[in-house]
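Here are the chains, one letter per residue:
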Amino acid sequence: MDAEADGAEDLLRLYDAQLHSRLLLGSARYPSPQVMRDAVLASGAQVVTLSLRRQNPAGGDGDGAGGDGERVWRYLRELRAGGCRLLPNTAGCRSAREAVNLAEMARELFDTDWVKLEVIGDDYTLQPDPFGLVDAAVQLVKRGFKVLPYCTDDLVLCRRLVDAGCEVLMPWGAPIGTGRGLLNVYALRALRHRFPDTPLVIDAGIGAPSQAARVMELGFDAVLLNTAVARAGDPPRMARAFADAVRAGRNACLAGLMVQRQTAQPSTPVVGQPFWHGGGR
C-alpha cells in the first residue's frame, strides 16, 4: 500500500526510532574527516555507524577517515547533535565475549544502547560466525541492548537471532567491501517472506546505486553501506546518488512492480483500430 496515498508517512521504524531516511551510512575509509562529514550530510542519513576499534578519539589508526580520529569523533558528535543517531559496531571482534565487552564500552562512551553486532568467523570473506553471533546477541539483549546483528542470508540463523530478541536483522548482500550486489536473491526473497514484520536492512556488498534500488524493490526496509561511498571519486555526490536510488526503489516497491512475462504484450490496444493494408491488387 502506498503510505502517502493512505495519509501516513512512510517512516523506517528501528526499535524506538522513526526515521525518514532508509539509507544508513558508515563513517570509515573516507579520504578525510571533512569528506566523511560532507558525505553523511549529502546522503541525508539519520543513522551513522562507527567502530571503536578503527576510530580512536586519541588519534586514530589510519582506517578512520584519514587516520584523524579526533576530528572524526568531533564531526560524529556534531552529526548526533544535528539529529543523526550513532550506531557503534563491534567490527573486528571474533568471539562473543569480545563483542559484548566492546558493546559495553560503546554504551558508556556514546550513551546509547544501540549496537551493530559483528562477530567475524572467517578472515577471508569476513563472514559472521553464526554460533558466536547468536551467543553474543543473547547476552546483549539480556543486558538491555537493542541489537542490530550483521548476519548472512541464512534463514535458520536469522530465526535464531529473532528468537534471541533481535528486532532488526542486517543480512549481507555479498561479502563486505566487494561491491558485488545481491549474490543470492532467492535466499533474500525467502527472508523477506518469512519475516514480514521484522525490519530487514541489507548490510555489506552493495557497490552501486542501482544495486541499492534493487534491494528496495525487493521489499527490504533499508540499505547500510560504507565503502561504495567512501571510496568513490566524489563521496558526497555518490552519497546523494545512493539516497536517490534508495528512494526510487522504495517508491517502486510501494507502487507495485509489473509482473514479468515470457511473451510480448502490446502497450497499445489494437482491437477496433484502423489498419492500412498496403500493396497492389
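In this report, we go over the structure that sits alongside the text.

Conventions we followed
Residues numbered from 1 in each chain as written. Predicted model: local features only at pLDDT ≥ 70, side-chain atom pairs only at ≥ 80, totals over all residues. Heavy atoms only, no water. Salt bridge = Lys/Arg side-chain N within 4 Å of Asp/Glu carboxyl O. Helix = DSSP H or I, 4+ residues; strand = E, 2+ residues; numbered from the N terminus. Buried < 20%, exposed > 50% of the residue type's maximum accessible area, 1.4 Å probe, protein only. Pairing = 2+ DSSP bridges. Right-handed = clockwise from strand over helix to strand, strands pointing away. Phe/Tyr/Trp six-rings, centres within 6.5 Å; stacked < 30°, edge-to-face > 60°. Lys NZ or Arg CZ within 6 Å of the ring centre and 35° of its normal. Core = buried A, V, L, I, M, F, W, Y, C linked by side-chain atoms within 4.5 Å. Contact = heavy atoms within 4.5 Å. Disulfide = S-S within 2.5 Å. Expected span 1.5 Å × (residues − 1). Arc of directions from axis to C-beta. Axes fitted to C-alpha atoms, helices over the stretch in contact; angles between N-to-C directions. Left-handed = near helix turned anticlockwise from the far one by under 90°. Nonpolar A, V, L, I, M, F, W, Y, C, P; charged D, E, K, R; others polar.

### Brief notes about the pattern of salt bridges
Applying the stated criterion across every chain yields a total of 14 salt bridges. A salt bridge links Asp10 to Arg250, with the shortest nitrogen-to-oxygen separation between them at 2.7 Å. Linking Asp10 in the segment before strand 1 (12–14) with Arg250 in helix 9 (residues 235–255), this pair joins segments that are 240 residues apart in sequence. Judged by relative accessible area, Asp10 falls into the partly exposed class, the value being 22%.

### Thoughts on the pairing of strand 3 (residues 23–26)
Put simply, side chains in a regular strand alternate between the two faces of the sheet. Where burial is concerned, the two faces of strand 3 agree: the one with Leu23 and Leu25 and the one with Leu24 and Gly26 are both buried. Across three bridges, the pairing between strand 3 and strand 10 (residues 222–225) is parallel. Counted as the bridge partner of Leu24 is Leu224 from strand 10. Relative to strand 4 (residues 47–51), strand 3 runs parallel, the two sharing two bridges. Note that in strand 4 the partner of Leu25 across the bridge is Val48. Read from strand 3 through helix 1 (residues 33–43) to strand 4, the crossover connection turns out right-handed.

### Things to note about the packing of aromatic side chains
Within this structure, the stated rule accounts for two aromatic pairs. Where Trp73 meets Phe110, the ring centres are 5.1 Å apart and the plane angle is 40 degrees; that geometry is what we call tilted. You can see Trp73 sitting in helix 2 (residues 69–81) and its partner Phe110 sitting in helix 3 (residues 96–110), a full 37 residues away along the chain. With respect to class, Trp73 is no different from Phe110; both count as buried. Looking at Arg107, its charged tip hangs above the ring of Phe145, at a distance of 3.8 Å from the centre. In this arrangement the basic side chain of Lys116 is found over the ring face of Tyr150, its NZ or CZ atom lying 5.8 Å from the centre.

### Considering the environment of Asp244
In this structure, Asp244 sits in helix 9. Measuring from C-alpha to C-alpha, the distance between Asp244 and Leu23 comes to 9.7 Å, with 221 residues separating the pair along the chain.

### Overview of the nonpolar core
One finds Leu117 and Ile206 to be the most contacted residues of the largest nonpolar core, which totals 77 residues. With seven residues, the top contributor of residues to this core is helix 3. Aside from chain neighbours lying at most four places away, what touches Leu117 is Thr90, Ala99, Leu133, Ala136, Ala137, Leu140, Val147, Leu148, Pro149 and Tyr150.

### Structural notes on the state of the cysteines
Scanning the model with the defined rule gives zero disulfides in all. The thiol of Cys166 is unpaired, and the distance to the nearest cysteine sulfur, on Cys151, comes to 8.6 Å.

### Here we look at helix 2
The terminal C-alpha atoms of helix 2 lie 18 Å apart, and with 13 residues this matches the ideal 18 Å at 1.5 Å per residue to within 8%. Within helix 2 the residues assigned to the buried category are Gly69, Val72, Trp73, Tyr75, Leu76 and Leu79. Considered in projection along helix 2, the buried side chains sweep an arc of 160 degrees and stay on one side of the axis. In helix 2, those exposed residues whose orientation departs by more than 90 degrees from the buried face are Glu70 and Ala81. Where helix 2 is buried, its residues meet helix 1, strand 4, strand 5 (85–89) and helix 3. Count one or two residues on from helix 2 and you reach Gly83, which has phi positive near 115 degrees.

### Remarks on helix 5 (residues 155–163)
Within the span of helix 5, buried status applies to Leu157, Cys158 and Leu161. Looking down the long axis of helix 5, one finds its buried residues gathered within 100 degrees of arc, a one-sided arrangement. Once helix 5 ends, the next one or two residues include Gly165, with phi positive near 115 degrees.

### Some points on the packing of helix 3 against helix 4 (residues 130–142)
The geometry of helix 3 relative to helix 4 is characterised by a closest axis approach of 8 Å and an angle of 35 degrees between their N-to-C directions. Viewed along their axes, helix 3 and helix 4 form a crossing whose handedness is right-handed. Residues Ala96, Ala99, Val100 and Ala103 of helix 3 touch helix 4, and the partners they reach there are Gly132, Asp135, Ala136, Gln139 and Leu140. Its residues assigned to classes, the contact of helix 3 with helix 4 shows six nonpolar, two polar and one charged.

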